Amino acid sequence: MESLSHAFKERSVHALKDETLQVALHRAKDGFAVKRAKAVEGLPEFDALRDRAVAIKNHTLEHLDHYLERYADAVERSGGTVHWASSAEDARRIVVDICRAADAKMITKGKSMVGEEVGVNGALEEAGFEVVETDLGEYIIQLAHEPPSHIIVPAVHKTRGQIADLFHENHAKYGLTRKLSEVPEMVNEARQVLRSKYLAADVGITGANFLIAETGTSVIVTNEGNGDLTCSLPRVHIVTAGIEKVVPTAEDASTLLRLLARSATGQDMTTYTTFSTGPKREGDPDGPEEYHVVLIDNGRSTMLADQFREMLRCIRCGACMNHCPVYGAIGGHAYGWVYPGPMGSVLTPLSVGLKEAGNLPNACTLNGHCAEVCPVRIPLPDLLRTLRHREYQLKLGLKPLRWGLAAWVWFTAHPRIYRIGTRVQARMLALLAGRKGRFTRMPLAGGWFKGGRDLPAPQGETFMAVWKRRQKDSAR
Amino acid sequence: MQWCDERMSEPSPRVPADGPGDRPRVGLFVTCLADIYRPNVGLAAVALLEKAGCVVEVPASQTCCGQPSYNNGDLAGAARTARQTIAAFEDCDYVVVPSGSCAGMLMDYPKLFEDQPRWRERAEAMAAKTHELISFLTDIRGLDAVTTRFSRRVTYHDSCHGLRALGIKEQPRRLLASVEGLELVEMADAEICCGFGGTFCVKYPEISGRMVADKASDISATGARVVLGGDLGCLLNIAGRLGREGNGISVYHVAEVLAGMADVPGLGDPTDSGGRAR
Ligand code: SF4
């Protein structure tokens, strides 16, 4: 997917002014955080599970080549085919080629973030296939021609009214012309439309939450059961997955599953957990004739080798964005690429470059809430700070900020001059503010006031000056 | 700062000692914001530390903790500032800071000297003896109560760094509970960031502004007339917003109240002195 991250500032301001979006965000805001907190409270071993998850992920990443090979062997043994895609372009080409070879017309898709990352839908549509998203949220944004704004709730930015309008516009061609207003009615109508697609589909494409190395199995979790139908009804099943999704055993996957749903939606388990291994075997009542796995690198092996390896532990639960006050204020689209929120602010610059996405690691208060809730304990604020360091070294940041920082550092290393400077500043500001005690504006400090706030004035003397006088007085 | 969910475990509490021989020498790192904006916070910190049996020193060569550089990616600049701070406090038994965020920065100093073993050692020694003020009083000095009065209804904002990196949550509340006449009403979302974030607030003023507006409405909803907190950066931000809204809610650093020194106008409140400090 093409990045719009360079326009983060404008997009975020726009998002803050978008009243419909703000209604949707406000409604979603506390929901997930509260549900997660309840789920965690109900599982005393949650923190121990997190430790295990970190250990599993670290171990796997340490030996990633080994487990990928094991996984690929197991897939081939079960009759499937493994394709290696080193870039997004490779991945798109491989998927299109498989669909062409299968002589497909209609393709159903389960929700897949890596699919969004490499732009599978666009490539397929360009190649002339009809592509239908089967996850309700993805289906909604597909109708709206928008990218997802959240990694687990892609249409979280949409209000019920907007969805009703979208269905009204798009479902008339199926003879469904009644304007709906209730959620269950809308869900039913979407099901009705999707059902015909499932049955007509030649290829089903899903992502994977985990790939199990010992058995060659891919695991997906859904709440709608659309994953099952996408894997098992069409003739061909394609799994697209990042190489970091592999885990050694089914037991490891189950440890991670216990964390995933709790962290994401506060459920103990998602409604459906679908395991798929290879194509239909003799005697199987259903299943695809062909089973393909596209293992996607797209920058991941570079991350594995540098300071950002920990990011590869991510299980895409979305907890970090559910608890991020910046995400909560502006929603996911402002970030301008596939992954929003804290995890996206690390991943996006690594994928599309710091020059393009330099705003993302900076647009964070380093409040640490994301790291506190991350099930695999990724130190997101530290990684964001590391990206800022990289940006500073590459001299990509704002020039005035660099000069300001350099001047400040010089002052801090010259205490005598610093003392004089701070004294003058404290006195001047206090006198200028006068009895009012605060400023409502000030030249050169526009940023502060643009946030809709005044600036309290200093008391007038610096602490160091008061302290020095006191010491003198008491010595006398 | 260790950004994980484990709250740092503090050493076991020590009862304040009476004998002058056993009084630790505490270096007060006042922070640049308190130094310039709110000397009263520094004075309150001194008073509280003395009450807790410490000998307070204020090294004259201290300046800033280095967060502006550190958080904007200028690690070399941060290291230069850090060397200044480390040298200033080397003789003290403890370094105490009336800010969770700056205390956390001091504790992070070793990371700045990864390939300078001598400085790294000094930075580690510094980190090991650094504490945020309120948690130092309760967890290290065993202070459980203060003897003062503040007859107001207050609410408390948990600043993020103190809360998540240092595990400061219950300590200020414990001490506030002993203040005569004080009624603490918790606000909704007390643990959610106010939107200050150092240079974040001027780099992304619109986002920051929304965050602090949300904070201000949570504060107003409590009916409290005073907001307290432990970090001046956040408090300036919150006071700036409340001042703009003009709803008459005052903002103080929690140390000012605990030391019985909240008898001056709150942050950004009108003053009689027109800029003359006490
Ligand atoms: S970074 Fe952590 S919290 Fe965020 S999506 Fe990944 S696993 Fe979940």
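Residues numbered from 1 in each chain as written. Chains lettered and ligands numbered in written order. Predicted model: local features only at pLDDT ≥ 70, side-chain atom pairs only at ≥ 80, totals over all residues. Heavy atoms only, no water.

## Things to note about the overall build of chain B
Reasoning step 1: Regarding its fold elements, chain B presents 13 helices and eight strands.
Reasoning step 2: Scaling as 2.2 N^0.38, a compact globule of 278 residues should have a C-alpha radius of gyration of about 19 Å, and chain B matches this with 18 Å.
Reasoning step 3: Taken over the C-alpha atoms alone, chain B extends approximately 50 × 50 × 40 Å along its principal axes.
Reasoning step 4: In chain B, buried positions account for 65% of the 278 residues.
Reasoning step 5: Excluding contacts between residues fewer than 6 apart, the proportion of contacts in chain B whose partners are at least 24 apart in sequence is 78%.
Reasoning step 6: Charged side chains of chain B number 29 positive and 36 negative; the gap between the two group centres comes to 3 Å. (Helix = DSSP H or I, 4+ residues; strand = E, 2+ residues; numbered from the N terminus. Rg over C-alpha atoms; globule rule 2.2 N^0.38 Å. Buried < 20%, exposed > 50% of the residue type's maximum accessible area, 1.4 Å probe, protein only. Contact = heavy atoms within 4.5 Å. Lys, Arg positive; Asp, Glu negative; His and termini not counted. Charge placed at Lys NZ, Arg CZ, Asp CG, Glu CD.)

## Quick word on the state of the cysteines
Every disulfide links exactly two cysteines, by a covalent bond between their sulfur atoms.
Reasoning step 1: What the rule picks out here adds up to zero disulfides over all chains.
Reasoning step 2: Between A:Cys231, a free cysteine, and A:Cys99, which holds the nearest cysteine sulfur, the sulfur-to-sulfur gap is 15 Å.
Reasoning step 3: Unpaired in terms of disulfides, B:Cys102 finds its nearest cysteine sulfur in B:Cys65, a separation of 3.9 Å.
Reasoning step 4: A residue is classified by how much of its surface remains accessible, and B:Cys102, at 13% relative accessible area, is buried. (Disulfide = S-S within 2.5 Å.)

## Notes on the confidence of the model for chain B
Residues and elements named next belong to chain B.
Reasoning step 1: Averaged over every residue, the pLDDT of chain B is 91; residues scoring 70 or more account for 90%.
Reasoning step 2: Low pLDDT, under 50, characterises residues 1–19; the stretch is placed with 54 contacts to residues that sit more than four places away or in other chains.
Reasoning step 3: For this predicted complex, the interface score ipTM comes out at 0.94, alongside a pTM of 0.93. (pLDDT = per-residue confidence, 0-100.)

## Overview of the interface of chain B and chain A
Reasoning step 1: Listed per partner, the contact involves 84 residues of chain B and 80 residues of chain A.
Reasoning step 2: Taken together, both faces of the contact between chain B and chain A bury some 7100 Å²; the carbon and sulfur share is 57%.
Reasoning step 3: For the pair chain B and chain A, the interface holds four salt bridges.
Reasoning step 4: One salt bridge in this structure joins A:Lys450 and B:Glu206, with 3.9 Å as the shortest N-O distance.
Reasoning step 5: Inspection of the region where chain B meets chain A yields 33 residue pairs in polar contact (both at pLDDT 80 or more).
Reasoning step 6: Elements supplying a minimum of two residues to the side of chain B that touches chain A: helix H1 (32–37), helix H2 (39–51), helix H3 (67–71), helix H4 (75–88), helix H8 (160–166), helix H10 (200–203), helix H11 (205–221) and helix H12 (232–245) of chain B.
Reasoning step 7: In terms of residues, the side of chain B that touches chain A owes the most to one element, H11(B), which gives nine residues.
Reasoning step 8: In terms of residue class, the side of chain B that touches chain A is made up of 38 nonpolar, 26 polar and 20 charged. (Buried area = accessible area lost by both parts, 1.4 Å probe. Salt bridge = Lys/Arg side-chain N within 4 Å of Asp/Glu carboxyl O. Polar contact = N/O pair within 3.5 Å; in protein donor to acceptor, adjacent residues only side chain to side chain. Nonpolar A, V, L, I, M, F, W, Y, C, P; charged D, E, K, R; others polar.)

## Focus on unusual backbone geometry
Residue and element names in this part refer to chain A.
Reasoning step 1: Positive phi, close to 45°, is recorded for Asn-298, a residue that is not glycine.
Reasoning step 2: You can see Asn-298 is positioned in the loop between strand E10 (290–296) and helix H13 (300–305).
Reasoning step 3: The phi dihedral of Lys-395 is positive, around 55°, even though this residue is not glycine.

## Some words on the nonpolar core
Reasoning step 1: With 87 residues, the main nonpolar core has A:Phe8, A:Phe210, A:Met311, A:Ile330, A:Met343 and B:Ile207 as its most contacted residues.
Reasoning step 2: Dropping the residues within four chain positions of it, A:Ile330 is found in contact with A:Phe8, A:Ser12, A:Ala15, A:Leu16, A:Leu21, A:Leu25, A:Tyr335 and B:Ile207.
Reasoning step 3: Grouped together as the second largest cluster of nonpolar side chains are 74 residues, A:Ala426, A:Leu429, A:Phe439 and B:Val41 included. (Core = buried A, V, L, I, M, F, W, Y, C linked by side-chain atoms within 4.5 Å.)

## A short note on the site of the ligand
Reasoning step 1: For the ligand, the set of nearby residues contains 14 residues, the closest of which are A:Cys314, A:Cys317, A:Gly318, A:Cys320 and A:Cys374.
Reasoning step 2: Class assignment of the residues belonging to the shell around the ligand gives a composition of twelve nonpolar, one polar and one charged. (Near = heavy atom within 4 Å.)

## Section: the pairing of strand E1 (residues 25–28) of chain B
Residues and elements named next belong to chain B.
Reasoning step 1: In this sheet, strand E2 (residues 55–57) lies alongside E1 in parallel orientation, the contact comprising three bridges. In the sheet register, Val-26 faces E2, and the bridge partner there is Val-56.
Reasoning step 2: In this structure, E1 lies alongside strand E3 (residues 94–97), joined through three bridges in parallel fashion. When the sheet's bridge partners are listed, Gly-27 is paired in E3 with Val-95. (Pairing = 2+ DSSP bridges.)

## Concerning the environment of A:Tyr139
Residue and element names in this part refer to chain A.
Reasoning step 1: Here Tyr-139 is to be found in helix H8 (residues 136–144).
Reasoning step 2: On the basis of relative accessible area, Tyr-139 is assigned to the buried category, the value being 4%.
Reasoning step 3: Counting along the chain gives 111 residues from Tyr-139 to Ala-28, while the straight-line C-alpha distance between them is 19 Å.
Reasoning step 4: Setting aside residues up to four positions removed in sequence, Tyr-139 forms contacts with Val-132, Glu-133, Phe-167, His-171, Ala-190, Val-193 and Leu-194.

## With respect to helix H1 (residues 8–17) of chain A
Reasoning step 1: Taken residue by residue, H1(A) has A:Phe8, A:Ser12, A:Val13, A:Ala15 and A:Leu16 as its buried positions. Along the axis of H1(A), the buried positions cluster into a sector of 160°, meaning they face one direction only. For H1(A), exposure combined with an orientation more than 90 degrees from the buried face picks out A:Glu10, A:His14 and A:Lys17.
Reasoning step 2: Looking at the buried residues of H1(A), the elements they touch are helix H2 (19–41), helix H15 (325–330) and helix H18 (359–362) of chain A together with H11 of chain B. (Arc of directions from axis to C-beta.)

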